Every structure is written in structure tokens, then in C-alpha cells.
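If you want the building blocks of each chain, they are given just below.
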Amino acid sequence: MEFRQVGGIEHVTGATPFISGQAILRLPERAFGVLIRGIDVEREARVNRLAEYMVLGHLPSNDREAAIGSELAAFLGAATGRELKLISPADGKTHELTVSGIFRSGMYEVDSTLVAVTIPRAQQLYQLDRVSGIGLKLDDLDHADVARDAVEERVGGAYTVRTWMELNQ
């Protein structure tokens, strides 16, 4: 699917590509799973408020940076400038990143597990040459089903289209 395919759909006011997946965060004494979100920093604000949630630092501005949630930062005792080691699920290689910022969304699950990186870094982690999805912002949540149907019609049956409500029942 091309990013341009969702342009001009009624009720869609913003769109941004993303990559979503899991990786292992490696600490000297243990390792645990985190959710990776590869973002297009410039387009991200068109769809969600991650930049507004920043309480320290900034979203990643290059492929060596990552922004993390406030609960994860508290658990790690991390501040900006801290090194993170992510292990790729695709090839087992370690990717070293620096914390560029800390965000607080108010949702514990997000703040305790999310690591935001650039799309190119996420593509390296998952050995992808594409994105895994396109996030859309609507003029009104009541139009979610209508917009979903319009997107499905536009992109065809080869893609799965889900609303936020379907993903978060």
C-alpha cells in the first residue's frame, strides 16, 4: 500500500506511516520485551500527540536516538543521554541507541513499554523495506466505521484496516 492511497478520503484529516513491533531491551543484569514504534517525526503530529507528551528532551531526530515512556525511564533510572541496547528480533543483532527524550501519555501500558525510534531505525531492527501501517486521524471518532470502509475500498482486500476501537476493545 502506498501512503498516497489514503489521501482525500472523507473524514481523514491526517496520516502518518509507522512500523510497530517488539524487541528486547538488554540491561547488564537482565533483558525484557518492549514495544517499538518507528515514526516519521514530522508527520507524527498530524495523527497523535506523542510530541505533546514529551516531559524531557525530544522525539528521536536521527537513527541513533529513541524516546521512551516515563514509567520505563523510571524503571531504568534513565534520563536523556542514557544508552539503550535493543536486540533485533529479525537477526539477534544489538542496536545501541541514546535516549533523546521521555514522554508521559498517562497510559501505563504505553509509558512502561513504548520505545519510539525513527522509521529507518525500525526498518533496520526488523529488516524491512516498507512500513507496517499508516495511522490516520479523523475529524470525528463517530466517523471511524465510515472511514474504515472507505479505506478498505480504496486499498483492496490485501490489507487489514482496523479502527482504534477495534484494536483497543
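Notes on the structure follow. (Residues numbered from 1 in each chain as written. Predicted model: local features only at pLDDT ≥ 70, side-chain atom pairs only at ≥ 80, totals over all residues. Heavy atoms only, no water.)

**Notes on unusual backbone geometry**
Negative phi characterises most residues that are not glycine, and trans characterises most peptide bonds. Note the threshold: Here a strand is any run of E in DSSP of at least two residues, a helix any run of H or I of at least four, and the numbering for each starts at the N terminus. Residue burial is assigned from relative accessible area. The probe radius is 1.4 Å, only protein chains are included, and a residue is buried under 20% of its type maximum, exposed over 50%, and partly exposed in between.
Located in the positive-phi region is histidine 11, a residue other than glycine, with phi close to 80°. Along the chain, histidine 11 turns up in the segment before β1 (12-26). Its relative accessible area of 15% is what places histidine 11 among the buried residues. Its identity is not glycine, yet glutamine 127 carries a phi of approximately 50°, on the positive side. Examined against the element boundaries, glutamine 127 turns out to sit in the loop between α4 (119-126) and β8 (133-138).

**Focus on the environment of threonine 80**
Using the following cut-off: Contacts between residues were defined by any pair of non-hydrogen atoms, one from each residue, lying within 4.5 Å.
The topology assignment puts threonine 80 in the loop between α2 (70-76) and β5 (83-87). On the basis of relative accessible area, threonine 80 is assigned to the partly exposed category, the value being 37%. Spatially, the C-alpha atoms of threonine 80 and isoleucine 68 are 9.5 Å apart, while their sequence positions differ by 12 residues. Dropping the residues within four chain positions of it, threonine 80 is found in contact with Leu56, Gly57, Val99, Ser100 and Gly101.

**Concerning the pattern of salt bridges**
Quick note on the threshold: By definition, a salt bridge exists where a carboxyl oxygen of Asp or Glu is found within 4 Å of a side-chain nitrogen of Lys or Arg.
Under the criterion given, the structure shown has six salt bridges. For glutamate 52, the salt bridge identified is with arginine 49, shortest N-O distance 3.2 Å. The salt bridge partner of arginine 148 is aspartate 149, with a shortest N-O separation of 3.3 Å. For aspartate 149, a relative accessible area of 39% gives the class partly exposed. One network of salt bridges, with partners in common, ties together Asp145, Arg148, Asp149 and Glu166.

**What about the side chain of serine 112?**
Under the convention used in this document: For this analysis, a polar contact is any N or O atom pair within 3.5 Å, provided that within protein one partner can donate a hydrogen and the other can accept it, and provided that sequence-adjacent residues contribute only side-chain to side-chain pairs.
Along the chain, serine 112 turns up in helix α3 (residues 108-113). The class of serine 112 is buried, set by a relative accessible area of 15%. Within the local environment of serine 112, its side chain forms a polar contact with the backbone oxygen of tyrosine 108, the two atoms lying 2.8 Å apart. Within polar-contact distance, the side chain of serine 112 engages the backbone oxygen of glutamate 109 at 3.4 Å. If we skip the residues at most four places from it in the chain, serine 112 touches Glu71 and Leu72.

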